[in-house]
Number of protein chains: 2
Amino acid sequence: MKLVTVGTVAFDNIETPFGKAEKVVGGAATYISLAASFFLKKQGIVSVVGEDFPHSMMATLNSKGVDLTGLEVLQGKESFFWSGKYHYDMNTRDTLETRLNVLLELDPKLNTEYKAAEYLMLGNLDPKVQAKVLDQMEGTALVVLDTMNFWMDSAMEELRSVITRVDILTINDSEARQLSGEHSLVKAAHAILDMGPKYLVVKKGEHGALLFSKERVFFAPALPLDDVIDPTGAGDTFAGGFIGYLARSGDHSFNNMKRAIIAGSALASFCCEKFGVQRLLEITKEDIDHRIRQFVELVDFDIELV
Amino acid sequence: MKLVTVGTVAFDNIETPFGKAEKVVGGAATYISLAASFFLKKQGIVSVVGEDFPHSMMATLNSKGVDLTGLEVLQGKESFFWSGKYHYDMNTRDTLETRLNVLLELDPKLNTEYKAAEYLMLGNLDPKVQAKVLDQMEGTALVVLDTMNFWMDSAMEELRSVITRVDILTINDSEARQLSGEHSLVKAAHAILDMGPKYLVVKKGEHGALLFSKERVFFAPALPLDDVIDPTGAGDTFAGGFIGYLARSGDHSFNNMKRAIIAGSALASFCCEKFGVQRLLEITKEDIDHRIRQFVELVDFDIELV
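Residues numbered from 1 in each chain as written. Chains lettered and ligands numbered in written order. Predicted model: local features only at pLDDT ≥ 70, side-chain atom pairs only at ≥ 80, totals over all residues.

Turning our attention to the overall build of chain A. Of the regular secondary structure elements, chain A holds 12 helices and 14 strands. Since a compact globule built from 306 residues should have a radius of gyration of about 19 Å, the 18 Å found for chain A is in line with a globular shape. For chain A, the spread of C-alpha atoms along the three principal axes comes to 70 × 40 × 35 Å. Residues classed as buried in chain A amount to 49% of the 306 residues present. Contacts spanning at least 24 positions in sequence make up 66% of the contacts within chain A whose residues lie at least 6 apart. (Helix = DSSP H or I, 4+ residues; strand = E, 2+ residues; numbered from the N terminus. Rg over C-alpha atoms; globule rule 2.2 N^0.38 Å. Buried ≥ 20, exposed ≤ 12 C-beta atoms within 10 Å, placed from the backbone. Contact = placed C-beta atoms within 7 Å.)

Residues and elements named next belong to chain A. Those residues of helix H4 (residues 127-136) lying buried are Pro127, Gln130 and Val133. Looking straight down H4, one finds that the buried residues subtend no more than 120° of arc, so they occupy a single side. Of the surrounding secondary structure, the elements contacted by the buried residues of H4 are strand E1 (3-6), strand E4 (43-50), strand E9 (119-122), strand E10 (142-146), helix H5 (149-154) and helix H6 (156-163). (Arc of directions from axis to C-beta.)

Grouped together as the largest cluster of nonpolar side chains are 196 residues, with contacts concentrated most on Leu211, Ile243 and Ile261 of chain A together with Leu211, Ile243 and Ile261 of chain B. Ignoring any residue separated from it by four or fewer positions in sequence, one finds Leu211 of chain B in contact with Tyr199, Val201, Val217, Phe218, Met257, Lys258 and Ile261 of chain B. (Core = buried A, V, L, I, M, F, W, Y, C linked by C-beta atoms within 7 Å.)

Residues and elements named next belong to chain A. Positive phi, close to 50°, is recorded for Lys23, a residue that is not glycine. Along the chain, the position of Lys23 falls in strand E3 (residues 19-26). Classification of Lys23 by C-beta neighbours within 10 Å gives partly exposed; the count is 15. At Asn101, a residue that is not glycine, the phi angle is positive and equals roughly 50°. Locating Asn101 in the fold gives a position in the loop between strand E8 (93-99) and helix H3 (112-115). The partly exposed category is assigned to Asn101, around which 19 C-beta atoms lie within 10 Å.

With 30 residues of chain B at the interface, the matching set in chain A holds 31 residues. At the level of secondary structure, the elements contributing two or more residues to the side of chain B that touches chain A comprise helix H8 (185-193), strand E14 (217-220), helix H10 (254-271) and helix H12 (285-299) of chain B. Examining the composition of the side of chain B that touches chain A, we find that five residues originate from one element, H12 of chain B, more than from any other. Looking at side-chain class alone, the side of chain B that touches chain A contains 19 nonpolar, three polar and eight charged residues. (Nonpolar A, V, L, I, M, F, W, Y, C, P; charged D, E, K, R; others polar.)

On to the packing of helix H1 (residues 28-36) of chain B against helix H9 (residues 234-249) of chain B. All names here are of chain B. One can describe the packing of H1 onto H9 by two numbers: an axis separation of 7 Å at closest approach and a directional angle of 40°. Classified by the angle their axes make, H1 and H9 are oblique. The two elements H1 and H9 cross, and the hand of that crossing is right-handed. Here H1 contributes Ala28, Tyr31, Ile32, Ser33, Leu34, Ala35 and Ala36 to the contact with H9, which in turn contributes Asp236, Thr237, Ala239, Gly240, Gly241, Ile243 and Gly244. Here the contact of H1 with H9 is built from residues that sort into eight nonpolar, five polar and one charged. (Axes fitted to C-alpha atoms, helices over the stretch in contact; angles between N-to-C directions. Parallel < 35°, antiparallel > 145°, perpendicular 65-115°, else oblique. Left-handed = near helix turned anticlockwise from the far one by under 90°.)

A word on helix H9 (residues 234-249) of chain A. Residues and elements named next belong to chain A. The first and last C-alpha atoms of H9 sit 23 Å apart over 16 residues, in line with the 22 Å expected at 1.5 Å per residue. A large share of H9 lies buried, amounting to 14 of its 16 residues. Note on H9: the residue one or two positions beyond its end, Gly250, has a positive phi of about 70°. (Expected span 1.5 Å × (residues − 1).)

Residue and element names in this part refer to chain A. The strand order E3-E2-E7-E8 describes an open sheet built from four strands, whose pairing is mixed. Bordering the open sheet on either side are E3 and E8, each of which pairs with just one other strand. Shown here is a sheet whose adjacent strand axes are inclined to one another by a mean of 15°, direction ignored. (Pairing = 2+ DSSP bridges.)

A word on the packing of helix H7 (residues 173-180) of chain B against H8 of chain B. Residues and elements named next belong to chain B. Taken N-terminus to C-terminus, the directions of H7 and H8 make an angle of 60°; their axes are 9 Å apart at the nearest point. Taken together, the axis directions place H7 and H8 in an arrangement best described as oblique. For H7 against H8, the interelement crossing comes out left-handed. Note on element contacts: H8 touches H7 through Leu185, Ala188, Ala189, Ala191 and Ile192, opposite Asp173, Ala176, Arg177, Leu179 and Ser180.

Attention now moves to the environment of Val4 of chain B. All names here are of chain B. Along the chain, the position of Val4 falls in strand E1 (residues 3-6). A tally of 29 C-beta atoms within 10 Å means that Val4 is categorised as buried. Linking Val4 and Thr98, residues 94 residues apart in sequence, is a C-alpha distance of 26 Å. Look past the residues within four positions of Val4 in its chain and what remains in contact with it is Gln43, Gly44, Val46, Tyr114, Ala117 and Leu120.

Scope: geometric values only; no functional claims are made or implied.
The following block contains the structure:
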């Protein structure tokens, strides 16, 4: 098994200026594994759901090569639930309700096959849980960690500790500023790289993404979309496409990281076109290739220095 | 004379989280013509100042090939004055004070040489004044118009009228949404292109710039800077570099517009590094070329579709 992803599998209620979706399947690990499935025939997921979680979605994930032996189902309990509302600009959202439910009992124990995975994606979760998973891994080649301001506010020490142990950190621009205490994104990036990760990916939503190493920087735009219907899960979809592309190629050079960023950006652009994971279930590898070509064209220029 | 620029020449008081600058020379036409001077040996400026405007700055502009026969000096009057304060994120600013002073009397009358200019840059000003200048031009090859939400709020009809007569419009993303009434930037761009301009440039500050034609779109990032000290004039500097590059090359193809966007972005990145026009007075053509190479590297990737 190339990749194991740890993260939430959940129900979401989503309201945007363009409509509403109630009790749709969401969660970081769901988006990540669906995105990665375009690059990997087999991967594992470590999470927990209640008995309310639909068997049809489990079957769908399974049909896409997502192994569910790491997905615990707690009988008599309810799945993690999040409800949020986006404002007109789609860059800000309010959390209306969070019911942790089964998430309080997530205590991952990985089987032998999972422990031996070469790639580990630590989706946004309590850093203590992320660390517990990391402790169990044996000889992982590459670890990507995603997190949020929530953990910087409530568990900075644990977060800082787990960050020292990962290869790549993915956060958004305001989180990069919060984590580093630096306002300049360039200075923030270097402060964070000094904490341990070899690469930092700064996700800027509709404004694209930046990839930093100590020596280099790369920028990928977001594709300008006719309509952004629902940005929920776009960051996780990006991360899933990113690590899926890396895992498939096995190449961890900066140049290949750049390609992985483009692959992740292409997948994230689809994610925003419909509510929840719907669009990710419709698209084909050809759709993704077509969109990657649009990225190539979007930033392509040649300039003579006159 | 290749290029004529109409716009403000002013004094600014600027406060940012990194310091203050008092009564420094600013104004759209100042930034535009300084930026364009890196690409053009001779250009004209149409504006008005009071007798308080420093002769030293006039001499500086003149030494950079900016002809000042179109810059009216009103004796016994004071120059246009703007005072503003930037917040920590540098993307928002409050105008603390605006004293129009001589600007109330700006009533441009172009001489024969100016009327025959091939390129016209209509800097942010009352659209009635922009129209009055356009009326006087004879056989202009390309007109670029920059404007702001202020005119959309106060003179939308006049603005809509002058927009129908220009080749390229440069505005920011929220202004594109306001002008078109469309939230999606892609839909906003197409609605605006339907109003008349052949190209639309959407300036997104630290998030880069988008160039739209009816058929194509191009994205240029902003260069991630170690420190943004003062963003005042960055949009005007961008516009000046853009039209200067176009005027020098004489090539109005989409591919050359892309190069002009990169040239403008490179100049704008310098503008932010010090207060006012200071940095634009220090840099050389070699500095600009070096920065353009950084842009090439920033977005360069090759991807195989796996």
